[in-house]
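Residue-level structural notes
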Amino acid sequence: MYTQAMDIPDDSGKKLAAVSNATSEQEAAFEARIDADGRIEPQDWMPEAYRKTLVRQISQHAHSEIVGMLPEGNWISRAPSLKRKAILIAKVQDEGGHGLYLYSAAETLGTSRDQMLEGLHSGKAKYSSIFNYPTLNWADVGVIGWLVDGAAIMNQVPLCRCSYGPYARAMVRVCKEESFHQRQGYEALLVMMKGTDEQRAMVQDAVNRYWWKCLAMFGPPDADSPHSAQGMRWGIKRISNDDLRQKFIDATVPQAKVLGVTLPDPDLKWNEARGHYDYGQIDWAEFWNTVEGNGPCNKERLATRVKAHNDGQWVRDAAQAYARKQKERALKEAA
Amino acid sequence: MSTPIDYLLHLADNAVVLGQRNAEWCGHGPILEEDMALANVSLDLIGQARLLYQRAAELKGGDATEDKLAYFRGPHEFRNYTLLELPHHGALVGYAAADRDYATTIVRNFLYSALMVHVWDGLQQSADASLAAIAAKSLKETSYHLHHSRDWLVRMGDGTEESHARAQAAVNHLMPYTEEFWTTSPAEGAAVAAKIGIDVWALRPAWDALVNEALAEATLTRPNFHGYVTEGKIGLHSEHLSYLLGEMQGLARAHPGATW
Ligand SMILES: [Fe+2]
Ligand SMILES: [Fe+2]
Ligand SMILES: [Fe+2]
């Protein structure tokens, strides 16, 4: 699933001052490649700040995929038909797969998955705050597909042209699957909207709870977004938060009409002069409060990840112990 | 009177119940790769259940559908092996809570898939052509489930002291439930007579060989067992199934007649 704008600062990325251990030719080559819109590969020289920013961004994205498995996983056991159960399991499994590619992409920058997980589990690393809200009815699954995966696609499609090769390539595959999720979510909602009054009420309830949170997924307004300028320069970020948000709103309003749901914003209107929809005020205080760990489900989400990791320690230890024994046996045989 | 439909339901209920259990690990696995592997196993099992329920619904006729069969039958109508409905932990009453234990999950998947590779293999020759086709597809999937669970069984058994103890405890806990494989239910008898099903009893030596060999490689011992043989496949279940079905069926039953 998803990413929120990847410029939410976290404790690991506070000091991004470039360490100057490079020759001027290396720096010049890097800058030239960035200017030419070329790709940076793992073996290439890169400024330390670029590396750190990427590790932060890609690991935030990976953590988001993994934490994002939980709100939807909440409905697997209760899916109301076997077909929807299978679709949901496959979707949540895809998100796990996205986490895997992204951890691998970040590992090419010299940070191990264990180090990244340690960042998540200790609360230092962030993940998309959209997953700190509860999934309260079955329609939430469809709405997450439609709106959350939809917002993620808006955020991530530009990243397919990101300057860092492994990240850009991971994004190509991830985006394909996210669009599939988005269509599946929307299709599930269409079926519900053609169903009973209760089913329609479920969809509207889910839209009411998720709409504003999805708009916040694009990150703070451009005016307050500290990392954007450098990210743009480096080709890590291609389109500003506000522009992406607008693009998302403009694309989603007609879809909501077809679906027959009301988007919960009285200020949402077409503005002929701008050629865009105007929209109301996002509650940024609530957003930051949730990013900082005080939303409705932050503690549950994080504690669940930590518990799964800790409970699984003996399993990972067993695999390592067995592999070691096998190696020793092979060595003995060879001797 | 038993009909081949009851036999299809036995196979379908096995798949849906174990699929439901395996999916409980989604988001909670010991390592991301295992979350994905178990989701995969679960997806295969749900897929098998869907095809089997669809075939059963077709034979039943009327307004039967896969979802009516999965969501609108009670625990006493379910025909799965009791083994498959147990929670992922040691022996506790139905309303007890405990942490999930990956050894229990793995050992169960191993014991069941070690049977089902032979069952699906045999069912490829079923007189019911639809079932034969489902069997061919399921055999490929189940071979992977067997491979996955056997690998982990060996890693756990021959891993650390803790993993060995957990794997042995899971084997001790679950092995008695496999006795149910070898009793004959009316549904199985009718299906064998109609050449739609196969005689599971005849598979016992092959299953024993597979299990004994894996346990030996895992440095685990096989417990002796004399006592109650579970009867899930004739509808007499453990306390655990009604909880599992309550959770699985609740939303669908709250909206009878709704389409999803
Ligand atoms: Fe994803
Ligand atoms: Fe997704
Ligand atoms: Fe994503």
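Whatever comes next refers back to the structure up there.
For the structure given in this document, a descriptive report is provided here. (Residues numbered from 1 in each chain as written. Chains lettered and ligands numbered in written order. Predicted model: local features only at pLDDT ≥ 70, side-chain atom pairs only at ≥ 80, totals over all residues. Heavy atoms only, no water.)

The next point concerns the overall build of chain B. For chain B, the helix and strand inventory stands at nine helices and zero strands. Going residue by residue from the N terminus, the α and β elements of chain B occur as α-α-α-α-α-α-α-α-α. A compact globule built from 260 residues should have a C-alpha radius of gyration of about 18 Å, and chain B, at 18 Å, falls within 12% of that. For chain B, the residues scored as buried account for 58% of the 260 residues in total. For chain B, the share of sequence-separated contacts (at least 6 apart) that also reach a separation of at least 24 residues comes to 82%. (Helix = DSSP H or I, 4+ residues; strand = E, 2+ residues; numbered from the N terminus. Rg over C-alpha atoms; globule rule 2.2 N^0.38 Å. Buried < 20%, exposed > 50% of the residue type's maximum accessible area, 1.4 Å probe, protein only. Contact = heavy atoms within 4.5 Å.)

All names here are of chain A. Put simply, helix α2 (residues 48-67) and helix α4 (residues 82-107) touch, their axes get as near as 8 Å, and they point 160° apart. With respect to α4, the axis of α2 lies roughly antiparallel. Between α2 and α4 lies a crossing whose hand is left-handed. Residue-level inspection shows Ile58, His61, Ala62, His63, Glu65 and Ile66 of α2 in contact with α4, the latter providing Glu95, Gly96, His98, Gly99, Leu102, Tyr103, Ala105 and Ala106. Along the lines of polarity and charge, the residues of the contact of α2 with α4 split into seven nonpolar, five polar and two charged. (Axes fitted to C-alpha atoms, helices over the stretch in contact; angles between N-to-C directions. Parallel < 35°, antiparallel > 145°, perpendicular 65-115°, else oblique. Left-handed = near helix turned anticlockwise from the far one by under 90°. Nonpolar A, V, L, I, M, F, W, Y, C, P; charged D, E, K, R; others polar.)

Here a ring pair, both rings aromatic, is described through the centre-centre distance and the interplanar angle of the planes. Scanning the model with the defined rule gives 15 aromatic pairs over all chains in all. Seen in terms of ring centroids, phenylalanine 218 of chain A and phenylalanine 248 of chain A are 5.3 Å apart; in terms of plane orientation they differ by 45°. Their pairing is tilted. Placement of the pair is phenylalanine 218 of chain A in the loop between α8 (197-216) and α9 (228-233) and phenylalanine 248 of chain A in helix α10 (residues 241-259), with a sequence separation of 30 residues. Phenylalanine 218 of chain A sits in the buried class, given a relative accessible area of 0%. Against the face of phenylalanine 78 of chain B rests arginine 73 of chain B, its NZ or CZ located 4.5 Å from the ring centre. Sitting over the ring of tryptophan 152 of chain B, arginine 155 of chain B keeps its end group 4.5 Å from the ring centre. (Phe/Tyr/Trp six-rings, centres within 6.5 Å; stacked < 30°, edge-to-face > 60°. Lys NZ or Arg CZ within 6 Å of the ring centre and 35° of its normal.)

Size it by volume and the largest pocket reaches roughly 940 Å³. Around the largest pocket, the lining is made up of 39 residues, and of these Glu24, His28, His88, Arg100 and Glu247 of chain B lie nearest the centre. Those elements that place two or more of their residues in the lining of the largest pocket are α3 (69-73) and α12 (298-311) of chain A together with α1 (4-23) and α9 (240-254) of chain B. Looking at the lining of the largest pocket, the element that brings in the most residues is α12 of chain A, giving six residues. Looking at the lining of the largest pocket residue by residue, the classes come out as 17 nonpolar, 12 polar and 10 charged. (1 Å grid on protein atoms, 1.4 Å probe; cavity = no way out; pocket = protein on both sides within 12 Å on 5 of 7 lines; lining within 4 Å. Points joined across faces, edges and corners; volume = space filled by probe spheres on them.)

Inspection of the entire model under this criterion finds 36 salt bridges over all chains. The salt bridge involving arginine 329 of chain A is made with aspartate 158 of chain B; its shortest N-O contact spans 2.6 Å. Of the two residues, arginine 329 of chain A sits in helix α13 (residues 313-334) while aspartate 158 of chain B sits in the loop between α5 (129-157) and α6 (161-174), which places them in two different chains. Overall, the relative accessible area of 37% leaves arginine 329 of chain A in the partly exposed class. Across the salt bridge formed by arginine 204 of chain B and aspartate 208 of chain B, the nearest N and O atoms sit 3.8 Å from each other. In this pair, arginine 204 of chain B and aspartate 208 of chain B both sit in helix α8 (residues 204-217), four residues apart, roughly one turn of the helix. Across this residue pair, the class does not change: arginine 204 of chain B and aspartate 208 of chain B are buried. (Salt bridge = Lys/Arg side-chain N within 4 Å of Asp/Glu carboxyl O.)

Let us now look at the packing of helix α2 (residues 32-60) of chain B against helix α4 (residues 102-123) of chain B. Residue and element names in this part refer to chain B. Remark: α2 packs on α4, axes separated minimally by 13 Å, with the N-to-C direction vectors making an angle of 40°. Classified by the angle between their axes, α2 and α4 sit oblique to one another. Where α2 crosses over α4, the handedness of that crossing is left-handed. Of α4, the residues touching α2 (which contributes Glu34, Leu38, Val41, Leu45, Gln48 and Leu52) are Tyr102, Thr105, Asn109, Tyr112 and Trp120. Partitioning the contact of α2 with α4 into residue classes produces seven nonpolar, three polar and one charged.

Another point: unusual backbone geometry. Residues and elements named next belong to chain B. One non-glycine residue with positive phi stands out, namely lysine 195, at about 60°. By the element assignment, lysine 195 lies in the loop between α7 (186-193) and α8. We classify lysine 195 as exposed; its relative accessible area is 62%. Backbone geometry places threonine 219, a non-glycine residue, at a positive phi of 55°. Mapped onto the elements of the fold, threonine 219 is located in the loop between α8 and α9. The exposure class assigned to threonine 219 is partly exposed, which follows from its relative accessible area of 44%.

All names here are of chain A. The final tally for this structure, using the stated rule, is four cavities of 30 Å³ or more. Of the volumes computed, that of the second largest cavity is approximately 150 Å³. Considering the residues around the second largest cavity, the lining is formed by 15 residues, among which Ile87, Val141, Gln184, Gly185 and Ala188 are closest to the centre. Taken together, the elements giving at least two residues each to the lining of the second largest cavity come down to α4, α6 (139-156) and α7 (165-193). No other element matches α7, which puts five residues into the lining of the second largest cavity. In the lining of the second largest cavity, the residues fall into seven nonpolar, five polar and three charged.

With 47 residues of chain B in contact, the opposing surface of chain A contributes 48 residues. Summing both partners gives a buried area of about 4000 Å² for chain B against chain A, and 67% of it is carried by carbon and sulfur. In this structure, the connection of chain B to chain A is made through four salt bridges. Close ionic contact of lysine 325 of chain A with aspartate 158 of chain B constitutes a salt bridge, the shortest N to O distance being 3.2 Å. Put simply, the parts of the chain that give the side of chain B that touches chain A at least two residues each are α1, α2, α3 (66-71), α4, α5, α6 and α9 of chain B. (Buried area = accessible area lost by both parts, 1.4 Å probe.)

Turning our eyes to something else, we now look at the coordination of the iron ion (ligand 2). Residues and elements named next belong to chain A. Surrounding the iron ion (ligand 2) are the protein donor atoms Glu95 (OE), Asp149 (OD), Glu178 (OE) and His181 (ND1), at 1.9 to 2.2 Å. For the iron ion (ligand 2), the four donor atoms in the first shell make angles of 94 to 137° at the metal, so the coordination geometry reads as irregular. Binding-site remark: the iron ion (ligand 2) is held by donors from one chain whose sequence spacing is E-x53-D-x28-E-x2-H. Between the iron ion (ligand 2) and the iron ion (ligand 1), a spacing of 3.7 Å is present, and a bridge between the two is formed by glutamate 95. Within this pair, whereas aspartate 149 is found in helix α6, its partner glutamate 178 is found in helix α7, the two being separated by 29 residues in sequence. We classify aspartate 149 as buried; its relative accessible area is 0%. (Donors = N, O, S within 2.8 Å, 3.2 Å for Na, K, Ca; no water. Tetrahedral: all angles 85-135°; square planar, octahedral: opposite > 155°, others 65-115°.)

Within the largest apolar cluster, 173 residues are counted, with the highest numbers of intra-cluster contacts made by Tyr50 and Tyr164 of chain A together with Tyr53 of chain B. With 14 residues, α4 of chain B is the single largest residue contributor to this core. Residues within four places of tyrosine 53 of chain B in sequence aside, it is in contact with Leu82 of chain A together with Leu9, Ala12, Asp13, Val16, Glu66, Leu69, Ala70, Arg73 and Phe78 of chain B. (Core = buried A, V, L, I, M, F, W, Y, C linked by side-chain atoms within 4.5 Å.)

So, on to the side chain of threonine 111 of chain A. Here threonine 111 of chain A shows up in the loop between α4 and α5 (113-121). Beyond its immediate sequence surroundings of up to four residues, threonine 111 of chain A is in contact with Val55, Ala106 and Met116 of chain A.

Nothing here speaks to function; it is all geometry.
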